[in-house]
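What the coordinates show
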Amino acid sequence: MGKPDTRRLDKEIRLTNRKLEAVRNGELWPLTSQERRQVLRGLVGGSYRVMRGRSTDRAEQQMDSVSTAAETRLIAEVTALQMERARIVTEAAKEKAAKKSSGWW
């Protein structure tokens, strides 16, 4: 019995880590459509308030909270994928150990 096939999970983990880095860098592409709408709403509201000469604190807080929520979501996804990968590897190791212990006796 060879190694367990975890290529699909490894690929998903790498992709999710790239998304997490992009969110931390302030990029919009990894966000869901709802999160994008919230960020754009904050941008529009903030720009309107700048034009009127007012404070943009609320719009900045809204954009920060969306970014934080997206980071939390992606961290949870990475954790779940890593746990699933560990479970698959552990199951494969148990199967291999059981097969070896049954031996030829």
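Refer to the preceding data block for the structure.
As a starting point, this report considers the structure included with it. Keep in mind that this is a model prediction, so the values were computed, not measured.

A closer look at the overall build of the protein
Counting its secondary structure elements, the protein contains three helices and zero strands. Going from the N terminus to the C terminus, the protein shows its helices and strands as α-α-α. Based on the C-alpha atoms only, the size of the protein along its principal axes is roughly 85 × 20 × 15 Å. Expressed as a percentage of its 105 residues, the buried residues of the protein come to 20%. For the protein, the computed accessible surface area is about 8100 Å², with 55% contributed by carbon and sulfur atoms. For the protein, the separation between the mean place of its 22 positive charges and that of its 14 negative charges on side chains is 3 Å.

How each quantity is defined
Residues numbered from 1 in each chain as written. Predicted model: local features only at pLDDT ≥ 70, side-chain atom pairs only at ≥ 80, totals over all residues. Heavy atoms only, no water. Helix = DSSP H or I, 4+ residues; strand = E, 2+ residues; numbered from the N terminus. Buried < 20%, exposed > 50% of the residue type's maximum accessible area, 1.4 Å probe, protein only. Areas by Shrake-Rupley, 256 points an atom, 1.4 Å probe, with all protein chains shown as cover. Lys, Arg positive; Asp, Glu negative; His and termini not counted. Charge placed at Lys NZ, Arg CZ, Asp CG, Glu CD.

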